[in-house]
Amino acid sequence: MQDISLERAIAALSEHIQSPENGIERISLLSARGRILAEDIYAALDNPPFNRSPLDGYTFAAAATKGASTERPVVMEIVGEVCAGDYFSGNVPFGKALRIMTGAPIPEGCDAVVRQESVRAEGSKLYLDVPLRPFENYCYRGEDVKKGTLLASKGTKLDPACIAVLAGQGFRAIPVCRTPRILLASTGDELVTPGEERPKGKIYNSNLYLLASLLDEMRMTPKQMRNLPDDAALAAKLLREDAQGMDLILTTGGVSVGKKDIMHSVWKRMGASRIFWRILMKPGAPVLGYIFPDGRIGIALSGNPFAAFATFELLARPILQQMAGMREPKLLRKKAVLAAPFLKESPGRRFIRARYEDGYVVLPKQHASGALFSAVTCNAFIDIPAGSPKLESGREVEVVLF
Ligand code: AMP
Ligand code: MG
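What counts, and at which threshold
Residues numbered from 1 in each chain as written. Chains lettered and ligands numbered in written order. Predicted model: local features only at pLDDT ≥ 70, side-chain atom pairs only at ≥ 80, totals over all residues. Heavy atoms only, no water. Axes fitted to C-alpha atoms, helices over the stretch in contact; angles between N-to-C directions. Helix = DSSP H or I, 4+ residues; strand = E, 2+ residues; numbered from the N terminus. Parallel < 35°, antiparallel > 145°, perpendicular 65-115°, else oblique. Left-handed = near helix turned anticlockwise from the far one by under 90°. Contact = heavy atoms within 4.5 Å. Nonpolar A, V, L, I, M, F, W, Y, C, P; charged D, E, K, R; others polar. Buried < 20%, exposed > 50% of the residue type's maximum accessible area, 1.4 Å probe, protein only. Polar contact = N/O pair within 3.5 Å; in protein donor to acceptor, adjacent residues only side chain to side chain. Near = heavy atom within 4 Å. Areas by Shrake-Rupley, 256 points an atom, 1.4 Å probe, with all protein chains shown as cover. Phe/Tyr/Trp six-rings, centres within 6.5 Å; stacked < 30°, edge-to-face > 60°. Pairing = 2+ DSSP bridges. Salt bridge = Lys/Arg side-chain N within 4 Å of Asp/Glu carboxyl O.

**Some thoughts on the packing of helix H3 (residues 207-217) against helix H6 (residues 305-323)**
Now for step 1: At their nearest, the axes of H3 and H6 sit 11 Å apart, and the two run at 30 degrees to each other. Between H3 and H6, the angle falls in the class roughly parallel. Where H3 crosses over H6, the two elements pack in a sense that is right-handed. Contacts from Asn207, Leu210, Leu211, Leu214, Leu215 and Glu217 in H3 reach Pro305, Ala308, Phe309, Phe312, Glu313, Arg317 and Leu320 in H6.
Now for step 2: Grouping the amino acids of the contact of H3 with H6 by side-chain chemistry returns 9 nonpolar, 1 polar and 3 charged.

What follows is the structure in structure tokens.
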């Protein structure tokens, strides 16, 4: 089997994504953050739904304030008041004023609002020293959203502002794509669950926590989460049981060429077919993609923590996003200038961790694929093409933000 590029691996898995919509469910707006909209949503209302005051003051017909000056203030009778949540029924006669609070509807007969601090009110009389223009301090009906506007299209990831806009339309529940059901497992006899005693020769399992947290950020909760032993028959049995009803099986470890690299046998034992093994990138090259006859997808990442992280971000995330119904997920790429040299040649394509800021990228000291601590402050991968020499500082590079 030939090694393939990252992009071809993504495309090869994408072909097996059954229905991008994956079923639709209606959920409350309060639980919609990060979910993917399943239908286009249009505004049902003008928002605001009426002309309203943007401040606390007085409203009247602007024409009546013509010629107002300190020497000759315009004097108006105050005919009443209106607060947010109320409305003034009827007309405010020309030359008279109504006290109005922020957010209250501007009644018929009025087309301007003066700020309370800019006028003098004595009893029921209002004194204005300056004239107002029509529609001064006037907030128009529909100035935020016009009825019929496309507010959010199918495939959009819902963020707080979008959720608030939908709430402002009075929507309580909205149609979103069902989240893919994910089975997450690590593999390795050396792994111990954090919190438990660590026998000699063992290490704590960090990948399970890494991947569960990355999924959680995507609003995807793995249905099962466990560590599998380095025993292909047993691992395949456990995985097959857990994988019932799942859409995607994500594992780490056991994909290289070592004696305990069980995943090569596990996918066969589970009755799946291999789509690819090994992609043309470092770290995480030995990633394995497989597919079950019923269309479920398997992605087996390397066990090295940074390799697992990089291949999750660059390969698994776009697949999961498509499965979740997101429209054309794209990696966020930018050009940046290296703030320090990277003194290694790159015969093959390499992704290195970096911190991107204001057009520059800074590199941590540690780049080993088994080391994750130095990635904690990073927010980007530098995508170094195959055949690149050592990179001098000041050189332009391409980064992928995560
Ligand atoms: P593997 O891909 O299984 O050959 O593992 C490669 C390296 O990553 C080894 O040093 C493993 O001990 C380590 N490793 C594998 N899985 C995990 C994990 N879940 N958490 C932390 N380290 C791991
Ligand atoms: Mg292993």
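From this point on, the discussion continues.
**Here we look at helix H4 (residues 232-242)**
The α-helix advances 3.6 residues per turn, and as a result positions three or four apart in sequence lie on the same side.
Now for step 1: Inspection of H4 places Ala232, Ala235, Ala236, Leu238, Leu239 and Asp242 among the buried residues, and these make up the whole buried set.
Now for step 2: On its buried face, H4 is in contact with strand S11 (182-187), strand S14 (224-228), strand S15 (248-252), helix H5 (263-269) and strand S17 (288-291).
Now for step 3: With a side-chain oxygen positioned 3.1 Å from the backbone nitrogen of Ala233, the residue opening H4 is Asp231.

**As for the site of ligand 1**
Now for step 1: Near ligand 1 you find 16 residues, and of these Glu190, Asn205, Ser206, Gly254 and Gly303 are the closest.
Now for step 2: Here a nitrogen atom of ligand 1 sits 2.8 Å away from a polar atom, N or O, in the side chain of Asn205.
Now for step 3: Between Ser206 and ligand 1, the recorded distance is 3.0 Å, taken from a backbone N or O atom to a nitrogen atom.
Now for step 4: Within the complex, 77% of the 480 Å² of free accessible area of ligand 1 lies under protein.
Now for step 5: Those elements giving two or more residues to the shell around ligand 1 turn out to be S11 and strand S13 (203-204).
Now for step 6: For the shell around ligand 1, the residue count by class is 4 nonpolar, 10 polar and 2 charged.

**Some thoughts on the packing of aromatic side chains**
Now for step 1: The tally for this structure, following the rule as stated, stands at 10 aromatic pairs.
Now for step 2: Taking 4.8 Å as the distance between ring centres and 85 degrees as the angle between the ring planes, the aromatic pair formed by Phe135 and Tyr138 counts as edge-to-face.
Now for step 3: Summarising the aromatic geometry, the rings of Phe309 and Phe402 are spaced 5.0 Å apart at their centres and angled 85 degrees between planes, so their arrangement reads as edge-to-face. Pair noted here: Phe309 is in helix H6 and Phe402 is in the segment after strand S23 (396-401), with a separation of 93 residues, a long-range link.
Now for step 4: Here a set of aromatic residues connected by ring pairs shows up, and it is made of Phe306, Phe309, Phe351, Phe381 and Phe402.

**A few points about the sheet that holds strand S3 (residues 57-60)**
Now for step 1: Across the sheet, which stays open at both edges, the 6 strands sit in the order S6-S3-S5-S4-S8-S7 with mixed pairing between neighbours. Edge positions in the open sheet fall to strand S6 (112-115) and strand S7 (120-122), since each of these has one partner strand only. Direction aside, the axes of adjacent strands within the sheet are offset by 35 degrees on average.
Now for step 2: Two elements, S3 and S6, share 4 bridges in a ladder whose sense is antiparallel. From the neighbouring strand, Tyr58 faces S6, where its bridge partner is Val114.

**Digging into unusual backbone geometry**
Now for step 1: Residue Pro48 is bonded to the preceding Asn47 through a cis peptide linkage, with omega at -5 degrees.
Now for step 2: Look at Arg219: it is not a glycine, yet its phi comes out positive at around 60 degrees.
Now for step 3: Tracing the chain through its elements places Arg219 in the loop between H3 and S14.

**Looking at H3**
Now for step 1: Taken residue by residue, H3 has Asn207, Leu208, Leu210, Leu211, Ala212, Leu214 and Leu215 as its buried positions.
Now for step 2: One or two positions beyond H3, positive phi appears at Arg219, with a value near 60 degrees.

**Some points on the pairing of strand S8 (residues 125-128)**
Now for step 1: Bridge count between strand S4 (residues 74-82) and S8: 4 bridges; the pairing is antiparallel. Opposite Met76, over in S8, you have Leu126 as the bridge partner.
Now for step 2: Bridge count for S7 against S8 is 3 bridges, and the pairing is antiparallel. In the strand pairing of S8, Ala121 is matched with Leu126.
Now for step 3: Here S7 folds back onto S8, and the loop between the two strands holds 2 residues, one of which, Gly123, carries a positive phi near 60 degrees.

**With respect to the pattern of salt bridges**
Now for step 1: A full pass over the atoms with the stated rule returns 21 salt bridges.
Now for step 2: The partner of Glu136 in a salt bridge is Arg133, with the nearest N and O atoms 3.9 Å apart.
Now for step 3: A salt bridge links Arg333 to Glu398, with the shortest nitrogen-to-oxygen separation between them at 2.6 Å. Linking Arg333 in strand S19 (residues 332-338) with Glu398 in strand S23, this pair joins segments that are 65 residues apart in sequence.
Now for step 4: Taking the relative accessible area as the measure of exposure, Arg333 reaches 31% and is therefore partly exposed.
Now for step 5: Taken together, the shared-partner salt bridges in this structure form one network comprising Glu7, Arg333, Lys335, Arg349, Asp383 and Glu398.

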